[in-house]
Structures are given as C-alpha cells and as structure tokens.
Amino acid sequence: MDKFLIVGLGNPGDEYAGTRHNTGFMVLDAFAKASNIVFADRRYGFVGETSLKGRKVFLLKPTTFMNLSGNAVRYWLNQENIDQSRLLVISDDVALALGAFRLKANGSNGGHNGLGHIQQLIGQQYARLRMGIGNDYPQGAQVDYVLGRYTEEDMKTLQPSIDVAVDIIKSFVLAGIDITMNQYNRLGKR
C-alpha cells in the first residue's frame, strides 16, 4: 500500500493555538475535521491516520517546536518507511500575502526555521505548501507577528485558502505533485 506523510508545521501548546506560525497545524486540523480523523499523541507529534482510495495517509503535527521539526519528519518517514517523494510539508510564509499560497515540488527553505531544520536532516527534495500570512509588521517585529494570533478579519481571508489546502492534500495523494501544482497554484495568487 502506498503511504504518504502530510506534515503541518506549528508549535505545540495552547499559547500557540491560532497563531500565524501555526497555519500548518490549522490546515491539518481542517483536513482531520472534514474526514473525522482523530489525532493521537505519539512520538515527536500528534499523528492521525486515514486512507484515500487505497493509499495510507499519515497526518503529523510535530511537538518538537518549529525549529526542530526535522526530527519529527525524519522519524515518521523512517518509522513508516515512507518515500520522501510522498512527503508534503505545510508551513506559514511571510513572503506571501495573507490568503495566498504556493505549492512546490522542492526548493529552499525561504528563511523558514521549520523548513530549514527539515532540509538539514533530509535535504530539499520534498513537496511543500506555503500558506501566506502576510508581512504587515514593523522592522524587527517579525517574531511577534508570526507568533501573533489571527483576527476574525484575517480568518475571513485565510479560511478559503485553508479549505483549498485540504483539497490540495487530497490531490497530492491521489494525483501527485505535478498535476496538483498545475491545478492549484493559479488559485493561490493574490
């Protein structure tokens, strides 16, 4: 059976819930809710499992904190013997406008600490979905901004993109990265 690992990046703990840096967690929560998946507290993260048309899908919300996300990703790839071509990592991105998103088959970490740590441990050859959180902050205030919570107004802009991200996950598993990029990237431009 083909296996896939879908990772949403964020920081564990109630104090980080709803923050911009936890957008990856929010996407996985939306996917889990739509599919009635329950997360269990397992090694290095909260893990949910489902299957899509005969393909086994593992959802991972690392509990390693953002800067050590690679530990959780590497562990679960190895634990479940999942090929890196079947890994999708979802993260926040200040370089994209709020509600914009971009799916890529591989590439640099773009300065994102979570993606940077994953890259250190497994390289750049994995798919990533970057969810735009905007960059409406004064110079030197990036940390406060990314760890700040979304407003109700922000969520009106972001929620449709989270809903599309749920579809992107399904398409990634069922159709592959190339078809999914062709189908969805044009929708993510803002």
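Rules behind the numbers
- Residues numbered from 1 in each chain as written.
- Predicted model: local features only at pLDDT ≥ 70, side-chain atom pairs only at ≥ 80, totals over all residues.
- Heavy atoms only, no water.
- Buried < 20%, exposed > 50% of the residue type's maximum accessible area, 1.4 Å probe, protein only.
- Helix = DSSP H or I, 4+ residues; strand = E, 2+ residues; numbered from the N terminus.
- Arc of directions from axis to C-beta.
- Contact = heavy atoms within 4.5 Å.
- Phe/Tyr/Trp six-rings, centres within 6.5 Å; stacked < 30°, edge-to-face > 60°.
- Lys NZ or Arg CZ within 6 Å of the ring centre and 35° of its normal.

Chemist: When you look at helix H6 (residues 177-184) in this model, what are you seeing that I'm missing?
Modeler: Three or four residues apart is the spacing at which side chains of an α-helix point the same way, because the helix has 3.6 residues per turn. All of the buried residues along H6 are Ile-177, Thr-180, Met-181 and Tyr-184. Seen from one end, H6 has its buried residues packed into an arc of 100°, which puts them on one side. Along H6, the residues that are exposed and aim more than 90 degrees away from the buried face are Asp-178 and Asn-182. In this structure, the buried side of H6 is in contact with strand E6 (101-104), strand E7 (127-132) and helix H5 (152-175).

Chemist: I tried to follow the pairing of strand E5 (residues 87-93) on my own but got confused; where do I start?
Modeler: The buried count for E5 comes to seven of seven residues, which makes it a mostly enclosed element. Residues Leu-87, Val-89, Ser-91 and Asp-93 line one face of E5 and the alternating positions Leu-88, Ile-90 and Asp-92 line the opposite face, and both faces are buried.

Chemist: Would you explain the packing of aromatic side chains in this entry?
Modeler: The relation between two aromatic rings is expressed through the spacing of the ring centres and the mutual angle of the planes. One pass over the full model with this rule turns up five aromatic pairs. Taking 5.4 Å as the distance between ring centres and 65° as the angle between the ring planes, the aromatic pair formed by Tyr-44 and Tyr-75 counts as edge-to-face. With Tyr-44 in the loop between strand E2 (40-42) and strand E3 (45-52) and Tyr-75 in helix H2 (residues 69-79), the pair connects residues that are 31 residues apart, well separated along the chain. Assessed through its relative accessible area of 30%, Tyr-44 is described here as partly exposed. When the centroid spacing of 5.0 Å and the interplanar angle of 40° are considered together, the rings of Tyr-137 and Tyr-145 count as tilted. A connected cluster of aromatic rings, assembled from ring pairs, spans Tyr-44, Tyr-75 and Trp-76. One Lys or Arg, Lys-61, reaches over the ring of Phe-39 and ends 4.4 Å from the middle of that ring. Just above the ring of Tyr-126 sits the side chain of Arg-128; from NZ or CZ to the centre is 4.1 Å.

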